[in-house]
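Commentary on secondary and tertiary structure
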Amino acid sequence: MTPAPHDIVFVRDLRAECVIGIYAWERRVRQTVLIDLDLAADNRRAAASDQIADALNYKAVTRRVLEYAAASEFQLVETLAERIAALLLEEFGLPWVRVRINKRGALRAAGDVGVVIERERR
Ligand SMILES: Nc1nc2c(c(=O)[nH]1)N=C([C@H](O)[C@@H](O)CO)CN2
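For clarity, every value in this text was computed on a predicted model and none was experimentally measured.

Quick look at the layout of surface pockets
In this structure, the largest pocket encloses a volume near 280 Å³. Looking at the largest pocket, it is lined by 15 residues, and the ones nearest its centre are Glu26, Lys103, Ala106, Leu107 and Val113. When grouped by side-chain class, the residues that make up the lining of the largest pocket number eight nonpolar, five polar and two charged. Its boundaries defined by the atoms lining it, the second largest pocket holds a volume of some 220 Å³. For the second largest pocket, the lining is made up of 12 residues, of which Ala40, Ala41, Asp42, Asn43 and Asp54 are closest to its centre. Considered class by class, the residues forming the lining of the second largest pocket number seven nonpolar, two polar and three charged.

Okay, here's the thing in structure tokens:
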């Protein structure tokens, strides 16, 4: 089957609790980050069979990301994004992912702040 490069499974505003930040007070608390995921997946087989076994199961993906984030203690959102991207590419066999980490409220003068990265499997 030829690749379907435009198919995406997405997740928005996944609420993850983790230790993250560069300041001393941030090492002592858990903060909420909002995670957006765009996951390249060929959705045609799932659409044809209507079976979850043929789909990239977004429940399984989000459960794994939340488990990983909860155990993490990075300083930078960049690192958290990078490690989540690597995990998704490796464990779910995906060809390409976009990961957005939103540390909402981290800056008094701003609403949403964070990073977006795109990675592909080598
Ligand atoms: N590019 C980044 N800048 C900053 C980060 C970060 O993770 N990446 N983190 C902080 C602090 O932890 C901030 O979130 C606390 O207010 C500052 N800048």
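Now that the structure has been shown, we can carry on.
Let's talk about the UniProt feature "domain: Dihydroneopterin aldolase/epimerase" (unreviewed entry) in the protein chain
Within this numbering scheme, the UniProt entry marks residues 9-119 as carrying the feature "domain: Dihydroneopterin aldolase/epimerase" (unreviewed entry). Taken end to end, residues 9-119 comprises 32% helix and 30% strand; its first and last C-alpha atoms sit 15 Å apart.

Here's the deal with the site of the ligand
Close contacts around the ligand come from Gly21, Ile22, Tyr23, Glu26, Gln75, Leu76, Val77, Glu78, Lys103 and Ala106, and that covers them all. Ala106 has a polar backbone atom sitting 3.2 Å from an oxygen atom of the ligand. Alone, the ligand offers 410 Å² of accessible surface; in the complex the protein occludes 69% of this. Spatially, the ligand is embedded in the largest pocket. Grouping the constituent residues of the shell around the ligand by class yields five nonpolar, two polar and three charged.

What counts and how
Residues numbered from 1 in each chain as written. Predicted model: local features only at pLDDT ≥ 70, side-chain atom pairs only at ≥ 80, totals over all residues. Heavy atoms only, no water. 1 Å grid on protein atoms, 1.4 Å probe; cavity = no way out; pocket = protein on both sides within 12 Å on 5 of 7 lines; lining within 4 Å. Points joined across faces, edges and corners; volume = space filled by probe spheres on them. Nonpolar A, V, L, I, M, F, W, Y, C, P; charged D, E, K, R; others polar. UniProt positions renumbered as here; feature names shortened; annotations may be inferred. Helix = DSSP H or I, 4+ residues; strand = E, 2+ residues; numbered from the N terminus. Near = heavy atom within 4 Å. Polar contact = N/O pair within 3.5 Å; in protein donor to acceptor, adjacent residues only side chain to side chain. Areas by Shrake-Rupley, 256 points an atom, 1.4 Å probe, with all protein chains shown as cover. Sits in = over half its atoms within 2 Å of the grid points.

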